[in-house]
Amino acid sequence: MEAKGKEGTTFKITVNYVKQLHFGDHEYNLVLNIIWKKLLRMLNLKMIGRKFFDANAKINIPEFNMQLWPGYNTTVRQHEDGLLLSVSLIHKVMRTQTALDVIKDMYRLHRDQFQVKVKEALLGTVVVTMFNDRTYHIDDITFEETPKSSFPFNGNNITFIDYYKLKYQIIIKNHDQPLLVSKNKARLIRTGQGDQPIFLVPELCCMTGYTDEMRKNFQLMNRVANHTRSSPNEKINQLFKFAERLLEKPEIVKEMNEWNMKITPKLLRFHGRVLPSENIIQGQNGSLKYPVGSNADWTNQVKAKAALSSGTFDSWLAIYPQFMKREVCSFLNDLIRVGSGMGLRIGHPRTKELQSDNLSEYINEIQSLLSHMTLDIIVCFVGDVRVDRYNAIKKYCCANRSVMSQIVTRRSITRGNNLSIATKIVLQINCKVGGAPWTVANPTLLQGIMVIGFDVSKDSLNRNIAFGALVATMNDSFSSYHSQPIEIIKGHDLSSKICSALQKTLEAYEKKNGTLPTKVVFYRDGEDEFQDVCIAEKLKVNFLSPISIYYVSPNFRFKIVCYLISRI
């Protein structure tokens, strides 16, 4: 079989028979989803990443230089005795800015630190290219290369200017802009497409997602919420319209008929189950109980009743800039008053006044104070939200000094409802210093159980490294926790590292309770069903040897059971 590419190149295609797929095979799902993507393209939807969006139905928000593209996150999967099409209504934030617009803004605002600010603004972001609607993660920016630079193409060297003119009929206007660098995705490298970086012209890259300034803009976020937060009935109507669009398209119906597929215009119905209302338990030793209520909101009761347990507030510090002195002093009195009502003994803190709310002043003062005193928690009052300052204070207190910290903005304590804000902050502080606000009854069946949660966060700048966090309950009320961070290096076995962290967690449980847990529930949230099955099988094998050494009693029967919970 032969086929011709877009550039006239002839390709020879060889099709080999491998096997016949049957319902229940993993590859069966893969083929179904390939067919489904073809059907979505027939609706003239644009595929961005792995999801499809309707550019013709975009919502313009011109005052903020952005658009919302409605779309669909779809999956075809085998479910019980048939096929299930799962459809989620989603939106893509598309900014009308190009990457070149961002570069120009940085040059205009930060000429002295131009290159540094450009990298801060663009590294780790995702762009969509105008010429093929593909998404690219920006890993670097090269100021040495420009569109006038050349690269090998069909046996010759060609500039980026000539390449885009030849292949896409696009004329690049700015010939001196730096180039964006995106590393090839791991799955493309595995298919033999090379590990060479991809160079992108900023002028041809549209920005996506929110900036930090956008997230802080209440008016913008409220405007976006009006379009993205739909009621259940509105979502149902949108899904019906989606099904109608599919069934009204003759070529889609024809394609489905060829595969002997049909789409029902009705949504799947099933019987739900209403769980009985829980009782919230508060007060010392759980002496206070009350129903959670039909709306599951017990905020007022938490404020008025004693906490389940109180953490250590023997020594704490409040740091604030000089211009916030009046608001902070008033708010500290509110904190103490609210804490007293919740049964917490919170004394007056030590206070330290700074000349300004510059990051360096906070770090220097915290460093100086901790050199000659021990504190349970440090509360930092700041003038506004700044990610760099927040991250630096948290990192220094947690990683360098092992002391708890709480950061409170000026806006939070000047809204007019200070007692409500003070309550929320007291609850957070109490939890951070070892207390617990409330719990629910733990059935006898679950006494001695340890529940573990594990998830992974990927580094947006370095794709070869990720960090996992294993968090486990340390008591029957699920109000005390132990955590283990895990550094995950690409290509290394994840299951062995999880097992090592689990060993330390079991030791921590035994140290606190004098005994090991009788049952362990391990929850791992995953994105890929097949991948989760593989990890579960590895964990079953790797768990047996290291964990069995802790359970040496001959009467103890050790058994691991894995459940894969499917999300519809």
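You'll find the protein entered in an unreviewed UniProt entry as Piwi domain-containing protein, with Cloeon dipterum given as the organism. The annotation that UniProt attaches to the protein under Subcellular location (unreviewed entry) is "Cytoplasm". Per UniProt, the protein has the following entry under Sequence similarities (unreviewed entry): "Belongs to the argonaute family. Piwi subfamily."

**Things to note about the overall build of the protein**
When its secondary structure is counted, the protein shows 16 helices and 26 strands. By the burial criterion, 38% of the 568 residues in the protein qualify as buried. Counting only contacts in the protein whose residues sit at least 6 apart along the sequence, the fraction spanning at least 24 positions is 63%. Carbon and sulfur atoms make up 51% of the accessible area of the protein, which totals about 35000 Å².

**Things to note about the sheet that holds strand β24 (residues 465-473)**
The strand order β25-β24-β23-β26 describes an open sheet built from 4 strands, whose pairing is mixed. Strands at the two margins of the open sheet, each flanked by one partner only, are β25 (481-489) and β26 (519-524). Ignoring strand direction, the axes of neighbouring strands in this sheet form an average angle of 20°. Lying over the sheet, helix α15 (residues 494-513) contacts β23 (449-458), β24, β25 and β26, oriented at roughly 160° with respect to β25.

**Some words on the sheet that holds strand β21 (residues 404-409)**
In space, the 4 strands of this open sheet follow the order β19-β18-β20-β21, with parallel pairing throughout. One side of each edge strand has no neighbouring strand; the edge strands of this open sheet are β19 (350-354) and β21. Each strand axis lies, on average, 20° off the axis of its neighbour in the sheet, ignoring direction. Judged from the 4 bridges that link them, strand β18 (residues 316-321) and strand β20 (residues 377-382) form a sheet pairing that is parallel. Looking at β20, one finds that isoleucine 319 is bridged to cysteine 380. Strands β18, β19 and β20 of the sheet are contacted by helix α11 (residues 325-341), whose axis makes an angle of about 155° with β18.

**Examining the packing of helix α2 (residues 99-109) against helix α3 (residues 114-122)**
In contact at an axis separation of 9 Å, α2 and α3 are set at 140° when each is read in the N-to-C sense. Looking at the two axes, α2 sits oblique to α3. When the axes of α2 and α3 are compared, the crossing they make is right-handed. Across the interface between the two elements, Ala99, Val102, Ile103, Met106 and Tyr107 of α2 pack against Phe114, Lys117, Val118, Ala121 and Leu122 of α3. Class assignment of the residues belonging to the contact of α2 with α3 gives a composition of 9 nonpolar, no polar and 1 charged.

**As for the pattern of salt bridges**
Applying the stated criterion across every chain, the model contains 17 salt bridges. Taking the shortest distance from any N to any O, the salt bridge between aspartate 140 and lysine 119 comes out at 3.9 Å. Of the two residues, aspartate 140 is situated in strand β10 (residues 140-142) and lysine 119 in helix α3; the sequence distance between them amounts to 21 residues. Of the residues examined, aspartate 140 reaches a relative accessible area of 33% and is grouped as partly exposed. Taking the shortest distance from any N to any O, the salt bridge between glutamate 353 and lysine 325 comes out at 3.9 Å. Of this pair, glutamate 353 sits in strand β19 while lysine 325 sits in helix α11, and the two are 28 residues apart along the sequence. You can call glutamate 353 partly exposed: its relative accessible area is 30%. Residue classification places lysine 325 among the partly exposed residues on the basis of a relative accessible area of 42%. Members of the salt-bridge network, linked through shared partners, are Asp357, Asp384 and Arg389.

**Comments concerning helix α7 (residues 218-228)**
Within the span of α7, buried status applies to Leu220, Val224 and Ala225. Along α7, the residues classed as buried sweep out an arc of 135° about the axis, all on the same side. Turned more than 90 degrees away from the buried face of α7 sit Phe218, Gln219 and Asn226, all of them exposed. For α7, the elements touching its buried residues are β5 (59-61), β6 (66-79) and α6 (212-216).

**Thoughts on the layout of surface pockets**
By volume, the second largest pocket is sized at about 1400 Å³. If you trace the second largest pocket, you find 37 residues lining it, with Glu120, Ala121, Thr211, Asp212 and Glu213 closest to the centre. Elements with a contribution of two residues or more to the lining of the second largest pocket: β7 (82-98), α2, α3, β15 (205-208), α6 and α13 (387-400).

**Regarding the confidence of the model for the protein**
Across the protein, pLDDT averages 85, with 90% of residues at or above 70. Confidence over residues 188-192 falls short of pLDDT 50; this stretch has 4 contacts with residues more than four positions distant or in other chains.

**Structural notes on α2**
Those residues of α2 lying buried are Ala99, Leu100, Val102, Ile103 and Met106. The arc that holds the buried residues of α2, viewed along the axis, is 160°, so those residues lie on one side. Residues Arg108 and Leu109 are exposed on α2 and point more than 90 degrees away from its buried face. Those residues of α2 hidden inside the fold are in contact with β7, α3, β13 (179-182) and β15.

**Focus: the packing of aromatic side chains**
Applying the stated criterion across every chain yields a total of 17 aromatic pairs. Taking 4.8 Å as the distance between ring centres and 45° as the angle between the ring planes, the aromatic pair formed by phenylalanine 151 and phenylalanine 160 counts as tilted.

**A word on the nonpolar core**
Grouped together as the largest cluster of nonpolar side chains are 32 residues, with contacts concentrated most on Phe331, Leu335 and Phe381. Those elements that place two or more of their residues in this core are β18, α11, β20 and α14 (418-432). Other than its neighbours up to four places away in sequence, phenylalanine 381 contacts Ala318, Ile319, Tyr320, Pro321, Met324, Val328, Phe331, Leu332, Tyr362, Val408 and Ile413. Listed in part, the 20 residues of the second largest apolar core include Ile452, Ile498, Ala501 and Leu506.

Reading guide: rules and limits
- Residues numbered from 1 in each chain as written.
- Predicted model: local features only at pLDDT ≥ 70, side-chain atom pairs only at ≥ 80, totals over all residues.
- Heavy atoms only, no water.
- UniProt positions renumbered as here; feature names shortened; annotations may be inferred.
- Helix = DSSP H or I, 4+ residues; strand = E, 2+ residues; numbered from the N terminus.
- Buried < 20%, exposed > 50% of the residue type's maximum accessible area, 1.4 Å probe, protein only.
- Contact = heavy atoms within 4.5 Å.
- Areas by Shrake-Rupley, 256 points an atom, 1.4 Å probe, with all protein chains shown as cover.
- Pairing = 2+ DSSP bridges.
- Axes fitted to C-alpha atoms, helices over the stretch in contact; angles between N-to-C directions.
- Parallel < 35°, antiparallel > 145°, perpendicular 65-115°, else oblique.
- Left-handed = near helix turned anticlockwise from the far one by under 90°.
- Nonpolar A, V, L, I, M, F, W, Y, C, P; charged D, E, K, R; others polar.
- Salt bridge = Lys/Arg side-chain N within 4 Å of Asp/Glu carboxyl O.
- Arc of directions from axis to C-beta.
- 1 Å grid on protein atoms, 1.4 Å probe; cavity = no way out; pocket = protein on both sides within 12 Å on 5 of 7 lines; lining within 4 Å.
- Points joined across faces, edges and corners; volume = space filled by probe spheres on them.
- pLDDT = per-residue confidence, 0-100.
- Phe/Tyr/Trp six-rings, centres within 6.5 Å; stacked < 30°, edge-to-face > 60°.
- Core = buried A, V, L, I, M, F, W, Y, C linked by side-chain atoms within 4.5 Å.

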